[in-house]
Amino acid sequence: MKRILLSLILLLVFVLSSHAQDKLIKRNGRILEGKVTEVGVKEIRYQTSQDPNSAKFVIRKAELERIEFANGEVFVISERASVKKEEPARRSYGTDYGRNILTISPFKALDSGPGLGFSYERLVGENQYIGIILPVAFIFKEYSVYSSSIDLSNHYYTNFYVSPGVKIYPFGQRKVTYAVGPNIMLGFNKDRDSRYVPTGTSGYYDYEERNSFRLGLIINNYLNFQITSKINLGLNGGLGMRYLDRASSSSNYYNDGMRVTGEFAFNFGFRF
C-alpha cells in the first residue's frame, strides 16, 4: 500500500512539473506563458507547447519586464540597459532634436541693402536630411529729401522679400551641421528718384516714387551650431541670379534685366 501511495505522489509531481510553464511578463502588463528555450542579447525565444516540434516564437527583450521560470527563478530585464543601447543610433542622426526651427536674423543683407529677417523651417523624413524653409526679410532702403530749410534729410523705405526654399543636410543632424539648397527670391520694393530742375537763376528738386518686383534664384550655404537641444546659432550666405526686376512709376516703366544677386545673414534659432 505504501509503495502504491508513493508511486502516485511521484506521478503527480511529474505531471505537475511537466505542465508547469514559464511566464514572460511584458512592460504593458500582459503575460505570455510557454517554455523559454533561449535568452539572447536582444531576443527571447519560447514555445507555447511542451512538444519539441511545436511552433517557436521570438519576442524582443526590450518589450519584457521580467521572466518567471517554472522552477521559481525570476529574471528581471533592465530597462536602463536597453535605453543605453538605443541612444547611439538615435543620436547619430540627430533625431533627438526637434523638427521645427524658428529663426530670427538680426542682421541680413541682400543686394538692395541691409535689414533683418525671420524664417520657419520644417525638417522632413525619418533621418531629417531635408528641410523646407520659408524666410522673410525686411530691407531698409535709404533715400534723401531736399528742402529749402534742411539741406539733406535721410529717410527709409521698408522693402519686403520672401524666399521659399529647400535645405539638404548631406551629413544629417549633428552638433555642427552643414546644409545647401536653392531659394526662390521674391522682392517687393519701393524707391525714390530725385532730380534737380533748373528754372532760370534757381531751380527745384522733383521727386518720383517707383515700385518694383524682383524674381531670382539663390543657392544658399548654411552652417549651424546646435548650442543646446533647443538653441542654435548659424550663418548663411549665397549667390544667384536676379532674372526679373520690373519697376514702374507715374512716368515710366522698365525692366532692369538679369543681374547677379546674393545674400548674407547671421541667425539665432529656436528648435522644437
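(A) The packing of aromatic side chains, seen in detail. Under the defined criterion, the tally for this structure stands at 6 aromatic pairs. Site record: aromatic cluster; members linked through ring pairs are Phe118, Phe138, Phe160, Phe188 and Phe213.

(B) The side chain of Thr261, seen in detail. Relative to the helices and strands, Thr261 is located in strand β16 (residues 259-271). A relative accessible area of 3% places Thr261 in the buried class. Reaching out from Thr261, the side chain makes a polar contact with the side chain of Asp111 at a distance of 3.0 Å. Apart from residues no more than four positions distant in its own chain, Thr261 is found in contact with Asp111, Met185, Ile218, Gly238, Leu239, Gly240, Met241 and Arg242.

(C) Broad picture of the sheet that holds strand β5 (residues 64-68). Sheet architecture is open: 6 strands sit in the order β4-β3-β2-β1-β5-β6, paired in antiparallel fashion. Whereas interior strands pair on both sides, the edge strands pair on one side only; in this sheet they are β4 (56-60) and β6 (74-76). Sheet twist, expressed as the mean angle between neighbouring strand axes with direction ignored, is 40°. The sheet contact formed by strand β2 (residues 31-39) and strand β3 (residues 43-47) spans 4 bridges and is antiparallel. From the neighbouring strand, Val36 faces β3, where its bridge partner is Tyr46.

(D) Representation of the nonpolar core in the model. By size, the foremost hydrophobic cluster in this structure holds 9 residues: Leu24, Leu32, Val36, Ile44, Tyr46, Ile59, Leu64, Ile67 and Ile77. Leu32 has contacts with Asp22, Lys23, Leu24, Lys26, Tyr46 and Ile59, leaving out every residue within four places of it along the chain.

(E) How the structure looks around the environment of Lys23. Position of Lys23 relative to the elements: it lies in strand β1 (residues 22-26). Since its relative accessible area comes to 34%, Lys23 is described here as partly exposed. Once the C-alpha coordinates of Lys23 and Val36 are considered, the two residues, 13 residues apart in sequence, prove to be 8.6 Å apart. Once you skip the residues sitting within four places of it in the chain, Lys23 turns out to touch Ile31, Leu32, Glu33, Arg66, Ile67 and Glu68.

The rules behind each value
- Residues numbered from 1 in each chain as written.
- Predicted model: local features only at pLDDT ≥ 70, side-chain atom pairs only at ≥ 80, totals over all residues.
- Heavy atoms only, no water.
- Phe/Tyr/Trp six-rings, centres within 6.5 Å; stacked < 30°, edge-to-face > 60°.
- Helix = DSSP H or I, 4+ residues; strand = E, 2+ residues; numbered from the N terminus.
- Buried < 20%, exposed > 50% of the residue type's maximum accessible area, 1.4 Å probe, protein only.
- Polar contact = N/O pair within 3.5 Å; in protein donor to acceptor, adjacent residues only side chain to side chain.
- Contact = heavy atoms within 4.5 Å.
- Pairing = 2+ DSSP bridges.
- Axes fitted to C-alpha atoms, helices over the stretch in contact; angles between N-to-C directions.
- Core = buried A, V, L, I, M, F, W, Y, C linked by side-chain atoms within 4.5 Å.

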